[in-house]
Amino acid sequence: TKGKTNYICPAELEDHIAGFAQSISLDASMVCGTSDFSRVDLRVTKEGQIFCLEVNTIPGFTETSLFPMAAKAAGIEFGDLCEKLVNSGIESFKNGK
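Please read these numbers as outputs of a predicted model, since none were measured by experiment.

> Any details on the overall build of the protein chain? Residues and values, ideally.
Along its length, the protein chain carries three helices and two strands. Listing each helix as α and each strand as β along the protein chain from the N terminus yields α-β-β-α-α. Every one of the 97 residues in the protein chain was classed for burial, and the buried ones make up 23%. For the protein chain, restricting intrachain contacts to residue pairs at least 6 apart in sequence, the fraction spanning at least 24 positions comes to 35%. A total of about 7400 Å² of accessible surface is found on the protein chain, and carbon and sulfur atoms cover 54% of it. With 9 positive and 13 negative side-chain charges, the protein chain shows a separation of 6 Å between the mean positions of the two kinds.

The rules we used
- All residue numbers refer to positions counted from 1 along the written sequence of the respective chain.
- Restriction of local features to residues with pLDDT of at least 70 applies here, the model being predicted, together with a cutoff of 80 or more for giving and counting side-chain atom pairs; totals for whole chains, interfaces and linings are based on all residues.
- Based on all heavy atoms of the structure, the side-chain values leave hydrogens and waters out of the count.
- Runs of E in the DSSP output that reach at least two residues are strands. Runs of H or I that reach at least four are helices, and both are numbered from the N terminus.
- Relative accessibility under 20% of the residue-type maximum defines a buried residue, over 50% an exposed one, and the middle range a partly exposed one, all with a 1.4 Å probe and only protein chains included.
- Whether two residues are in contact is decided by their heavy atoms: any pair within 4.5 Å suffices.
- Note on areas: Shrake-Rupley, 1.4 Å probe, and residue coverage restricted to the protein chains presented here.
- Here the positive residues are Lys and Arg and the negative ones are Asp and Glu; neither His nor the chain ends is included.
- Here the site of a charge means atom NZ of a Lys, CZ of an Arg, CG of an Asp or CD of a Glu.

Put into structure tokens, the structure is as follows:
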């Protein structure tokens, strides 16, 4: 529900833990055979141990969704994100994916 949850994006993690989380997320996406985009949900313990919860192949795309929020934290505005996804889909189609 909008306004009922507080998201911290990007997550407040030490650089080496954030880098490892990104690496695990890319590996999980590749193992699942995703293309174009996905969202990987992780849990990180207080000790810095990382657990992959799921690879979401069709993440939400509303104003309260995590995927656009993560893109914005990476410097990608919503309109640019939409354009990137459309172009990526076109390229995937052209390449038979």
